[in-house]
Number of protein chains: 2
Amino acid sequence: MKITIDEVARRAGVSKATVSRVMNDSKPVKQEKYDRVMQVIEELGFIPNPVARGLAHQKTGLVGVVIPDITNPFFAELVKGIEEVVRDKNYNMVLCNTFHNFEKEMSYLKMLREKYVDGIIFMTAKVTHEHREFFRSSQLPVTFINRKCEDLNVSSIDIDNYQAAHDITTFFLKRGHRRVAIIRAPLTDKTSGYERFHGYRDAMQAYGIELNASLVMRSNFKIENTYRTVRRFLREEPAVTAIFATSDLMAIGAIKALQDEGIQVPHQVEVAGFDDIPMASYYHPSITTVRQPITEMGRTATKILIREINGEKVKNRNLILPYQLICRESTLTSKVSGE
Amino acid sequence: MKITIDEVARRAGVSKATVSRVMNDSKPVKQEKYDRVMQVIEELGFIPNPVARGLAHQKTGLVGVVIPDITNPFFAELVKGIEEVVRDKNYNMVLCNTFHNFEKEMSYLKMLREKYVDGIIFMTAKVTHEHREFFRSSQLPVTFINRKCEDLNVSSIDIDNYQAAHDITTFFLKRGHRRVAIIRAPLTDKTSGYERFHGYRDAMQAYGIELNASLVMRSNFKIENTYRTVRRFLREEPAVTAIFATSDLMAIGAIKALQDEGIQVPHQVEVAGFDDIPMASYYHPSITTVRQPITEMGRTATKILIREINGEKVKNRNLILPYQLICRESTLTSKVSGE
């Protein structure tokens, strides 16, 4: 027979509300009543049922995490950071991969709400009207990573993607490169696509170089897609001397494509990436990149979210974390000039 | 005011059990009662609460997934396969990373039980007495990946790790290599450690070569640790001509170490890995390896688990899936002789 909270209340001669208060330490209970309830709980071997507790509290101890693709090391490192904090705070993480599909995003958000998660960490390429409607009506605490959204009441963590892309393009330009190609993500992706591309464009313009469409490669964040794109590109634009790939996975696809076309990296073409995933250090050649504090972003986002779940008022809930340029073998110099 | 199932029952003039049957389609209900309940549900705008439903049913629609480390691409690909099926069946995945820590494993298992997951997909290096006790007492459906456990009532998915390691070692031996080194995982890890090492040892012995401890490198599954191990090794054993790394991440660490010591891969030393993670194709050089059907293993494990959650009797619940040797640039031949 399953022991219920009613049974505990009956035997202790108190109300259900009192048992609930004792179990959850939610409100003060007279010492005498407290002891009686605890005694009955022990006698019956009653284990409070957290699903039932969830009902009373409207808390499940679950945090929803919605990311595009766990097989992308950027997100894996991020999830690692999220996990560290979630675990430390005795939460569990419900992980959802949207594979960059908007319908999946919305259906996952709805599923998470139905599973009564206490809060959501959300990453998307684009915040749409439907997202806004959902977050406004759901009333759940939400933290965005890599996305700002001034018109929504959500916390957020990001770096300055525009400035970082500007810096790494300038790094090439200062060292004499003029034909600097970019591999960009879709511009609908506001930070990784739009902002990084505009940082590149403006850095080139600051050196008097107008945007040259033939130096702009478009790809997604997949190695294999970037590899094919760069091989096609190289047959038409062999005169390029530097490539700024807007993610490290794209940089890996680019270097592999260059090598398979018999072009030496960095001696004939220099390549830089973005993110600093662990493989950036161990690729051959190792990859010059913009280091995002990925695991730290996951940790910080989760700390803010859990504080908001607990009803705390969090100041500085929209953070821009610092990035860093890291020079490695895929560019010829190990110094960032002017930094 | 929150509408409860009691309120619905009272207004429809039926028992709570009847309301529950209507809501869950669990048992037949007379048409007249059914209609009355549905009418009240509509009038009240009653949305069945899935947490409450979970209480009645003992089902939460959550599957626990316990893996060592999501930043290892093997596990990321596996989780991708799990996700595909979980989503398709309207479940959600609670993801737990143990970072190869036994205490974390046990504490996560207990947390998952407390969060009332409907089943668990479990990966561990070693099935201990505590694991056995937990799985025997919890009565939850459980599927192991990469681990057999004949004495427990669990389903499992694996490949023949011993034979795959034997094959890849023989591939080196048939082509004239005699000083074949191995980078092995801890032997406490029964499949990836013990079985792969024994496949190597027995393949060497079949060629009359006794186990040479100085050709055995010990590492974990981390690139950086393997990189350091191989650099140390090369200063003492420069005469090695082939290295069998028992995972692709280890192979990447080994190739990077060889290159940093000025040793050409594959011309001076050949290297093979294990797993066939996506990076194995895109590393430079691309890596000869044993292809495990990783995503498929995740999908199949989840399908079996969900059938068992639904109370189905699953035949063939302990599967050994096929593997394949894939030759790439890290070995000089593109053919597997004798295959």
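Every chain's residues receive numbers from 1 upward, in the order its sequence appears when written. As a convention, the first chain written is A and the first ligand written is 1, with the rest following in written order. The predicted nature of this model means local features are confined to residues of pLDDT at least 70 and side-chain atom pairs, given and counted, to a pLDDT of 80 or more, with totals for whole chains, interfaces and linings taken over all residues. No hydrogens and no water enter the side-chain calculation; it runs on all heavy atoms of the structure.

Taking an unreviewed UniProt entry as the reference, chain A is identified by name as Transcriptional regulator, LacI family belonging to Anoxynatronum buryatiense.

## Observations concerning the relation of the copies chain A and chain B
To be explicit about the condition: We place the copies in one frame by least squares, fitting the C-alpha atoms of every residue whose pLDDT is at least 70 in both. Contacts are assigned to residue pairs that have any heavy atoms within 4.5 Å of one another.
The two copies are related by a screw motion: chain A maps onto chain B through a turn of 180° and a shift of 0.2 Å along the axis, at an RMSD of 0.3 Å. Expressed as a symmetry operation, the mapping of one chain copy onto the other fits a two-fold axis. Using C-alpha coordinates, one finds that chain A approaches the rotation axis most closely at V94 of chain A, a distance of 2.3 Å. Mapped onto chain B, 100% of the interface residues of chain A are again interface residues, and the two copies thus contact each other with one and the same surface.

## Notes on the domain arrangement of chain A
When the parts come together, some accessible area is lost, and that loss is often what is quoted as the size of the interface. Cut-off, in case you're wondering: Residue ranges assigned to each domain were obtained from an automatic or database domain assignment.
When cut into domains, chain A gives domain 1 (5-48), domain 2 (62-159 + 294-321) and domain 3 (161-292). The C-alpha centroid of domain 3 of chain A is placed 64 Å from the C-alpha centroid of domain 1 of chain A.

## Let's talk about the sheet that holds strand β5 (residues 155-158) of chain B
Using the following cut-off: In this description, strands pair whenever DSSP reports at least two bridges between them. Helix and strand assignments follow DSSP, with helices taken as H or I runs no shorter than four residues and strands as E runs no shorter than two, numbered in order from the N terminus. Whenever a helix is involved, its axis is fitted only over the stretch in contact; in every case the axis is a line through C-alpha atoms, and angles between N-to-C directions fall within 0 to 180 degrees.
The strand order across the open sheet formed by twelve strands is β11(A)-β5(A)-β4(A)-β3(A)-β1(A)-β2(A)-β2(B)-β1(B)-β3(B)-β4(B)-β5(B)-β11(B), and the pairing between neighbours is mixed. Pairing within the sheet leaves two strands with one partner each, and these edge strands are β11 (318-320) of chain A together with β11 (318-320) of chain B. Strand-to-strand twist across the sheet, computed as the mean angle between neighbouring axes with direction ignored, equals 20°. Of the pairings in the sheet, the one linking strand β1 (residues 62-67) of chain B to strand β2 (residues 92-97) of chain B comprises six bridges and is parallel in character. Within the sheet, the bridge partner assigned to V63 of chain B lies in β2 of chain B and is M93 of chain B. Across the sheet, helix α5 (residues 73-88) of chain B lies against β2 (92-97) of chain A together with β1, β2, β3 (119-122) and β4 (142-145) of chain B, angled at about 160° from β2 of chain B, the strand it touches most.

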